[in-house]
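Residues per chain, in single letters:
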Amino acid sequence: MIRFGIIGTNQITEKFIKAASLVEDFSLTAVYSRTEETAIKFAEKYGVTTIFTNVEEMAKSKEIDAVYIASPNSFHSEQAIICMNNGKHVLCEKPIASNISELQNMITAAKKNKVLLMEALKTTCLPNFKSIQNNLHKIGKVRRYIASFCKYSSRYDAYKEGTILNAFNPIFSNGSLMDIGVYCIYPMVALFGKPLQIKANGLLLESGVDGEGSILCKYKESEAIVVHSKITTSYIPSEIQGELGSIIIDQLETPTNVQIRYQDGSFEDITQSQEDLPMYYEVKEFIDLINRNQLESSINSFKNSLMTLEVMDEARKQIGLVYPADLAVSTNSI
């Protein structure tokens, strides 16, 4: 049984717990929150008696083996390194860090302490993404990858009324690219590797984060187009175009219907059945790795996480999106 502590008491954490509860060997043991009241209230909901309001105390606890981090993006690196320096395995929500420098420090800590570090990016762990990988050869030479994830944020209404919540606050390394665009970029690099060059556009809001944007990526013999937004909603599918046909993906972040349309007009449904709670698969991958004493995922690998952040760092540079985390000098002991 892998005993988990969780950092973060938000909606994504609740989804995580519900999905993780379906995984054999998962046990929720401890809850961290900055305030005791919030920690107690959240812990009681799930029958947990151990709470913490100090990350270092939680990291030193002998009651937990692993930590799931779902705090604001800007806290990921520091909290993960504290946990890993105390021998805890870490499953960290996407994006795993604010920038590539932070991630490199996290990987160094993971290797030094011989613990597992994995980005909690659900898409690449899903059966339907594996189906895309396994059937990619059927469409011939790939010429274009079109990834779209645009979802109007309910927090944008509050923003327009003058209340800047975490989702639109640069202090927390948030915004459309980091929160939404990552679902388009991570699968791209997992399938095709790092692009040769990128050209990014984005709309910067007055708060200092991006509301929406697009990235054109150049590969040797193909191109990739990424479209992301937190201030509009798109209903179009994503697509991988090959010379023999195209793979049509209903929703890239959580594909539930995947088809190949061939040049001769025929169709092939390559959809796989999968759990209704998609986060199940990332948790299972993480726990299976711990049980096999493996310290890196071959699916959500260090390489894939590094390439993703490299693309996002360059995109942010091109649109002028800078976070306080980019300016901070790391003082973590690794």
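Residues numbered from 1 in each chain as written. Predicted model: local features only at pLDDT ≥ 70, side-chain atom pairs only at ≥ 80, totals over all residues. Heavy atoms only, no water.

Going by the annotation in an unreviewed UniProt entry, the name recorded for the protein chain is Gfo/Idh/MocA family oxidoreductase, with Neobacillus citreus given as the source organism.

**Student:** Teacher, can you tell me more about the pattern of salt bridges here?
**Tutor:** As a working rule, side chains carrying opposite charge can pair if their charged atoms are close by. Taken as a whole and judged by the stated rule, the model has 11 salt bridges. Where arginine 144 meets glutamate 223, a salt bridge forms, and the shortest distance between an N and an O atom there is 2.8 Å. With arginine 144 in strand S7 (residues 142–150) and glutamate 223 in strand S10 (residues 223–229), the pair connects residues that are 79 residues apart, well separated along the chain. The exposure class assigned to glutamate 223 is partly exposed, which follows from its relative accessible area of 25%. Taking the shortest distance from any N to any O, the salt bridge between arginine 316 and aspartate 326 comes out at 2.7 Å. Of this pair, arginine 316 sits in helix H10 (residues 302–319) while aspartate 326 sits in helix H11 (residues 324–327), placing them 10 residues apart in sequence. The class of aspartate 326 is partly exposed, set by a relative accessible area of 29%. Overlapping salt bridges, with partners in common, bring together Asp313, Arg316 and Asp326 in one network. (Salt bridge = Lys/Arg side-chain N within 4 Å of Asp/Glu carboxyl O. Helix = DSSP H or I, 4+ residues; strand = E, 2+ residues; numbered from the N terminus. Buried < 20%, exposed > 50% of the residue type's maximum accessible area, 1.4 Å probe, protein only.)

**Student:** Please clarify how the packing of aromatic side chains should be interpreted in this entry.
**Tutor:** To describe a pair of aromatic rings, one takes the distance between the centres and the angle between the planes. Here the structure, examined in full by the defined rule, presents 15 aromatic pairs. Where phenylalanine 4 meets phenylalanine 286, the ring centres are 5.9 Å apart and the plane angle is 55°; that geometry is what we call tilted. With phenylalanine 4 in strand S1 (residues 2–7) and phenylalanine 286 in helix H9 (residues 280–291), this residue pair connects regions lying 282 residues apart in the sequence. An angle of 75° between the planes, with centres 5.6 Å apart, marks the rings of tyrosine 152 and tyrosine 156 as edge-to-face. (Phe/Tyr/Trp six-rings, centres within 6.5 Å; stacked < 30°, edge-to-face > 60°.)

**Student:** Explanation requested: the sheet that holds S10 in the structure shown.
**Tutor:** Strand order in this open sheet of eight strands is S8-S9-S10-S7-S11-S12-S13-S14, and the pairing throughout is mixed. Only two strands of the sheet have a single neighbouring strand rather than two, namely strand S8 (197–204) and strand S14 (267–269). Between one strand and the next, the sheet's axes are offset by a mean angle of 10°, whatever the strand orientation. Inspection of the sheet shows S7 paired to strand S11 (residues 238–242) by four bridges, in the antiparallel sense. Bridge assignment links arginine 144 to a residue of S11, and that residue is glutamine 241. (Pairing = 2+ DSSP bridges. Axes fitted to C-alpha atoms, helices over the stretch in contact; angles between N-to-C directions.)

**Student:** I tried to follow the environment of phenylalanine 302 on my own but got confused; where do I start?
**Tutor:** Its place among the elements puts phenylalanine 302 in helix H10. Sequence separation between phenylalanine 302 and leucine 103 is 199 residues, and the spatial gap between their C-alpha atoms is 8.8 Å. Not counting residues up to four positions away in its chain, the partners in contact with phenylalanine 302 are Ile107, Lys111, Leu117, Leu295 and Glu296. (Contact = heavy atoms within 4.5 Å.)

**Student:** Would you explain the UniProt feature "domain: Gfo/Idh/MocA-like oxidoreductase N-terminal" (unreviewed entry) in the protein chain in this entry?
**Tutor:** Under the feature "domain: Gfo/Idh/MocA-like oxidoreductase N-terminal" (unreviewed entry), the UniProt entry names residues 2–119. Annotation note: span residues 2–119, helix share 42%, strand share 24%, distance between end C-alpha atoms 18 Å. (UniProt positions renumbered as here; feature names shortened; annotations may be inferred.)

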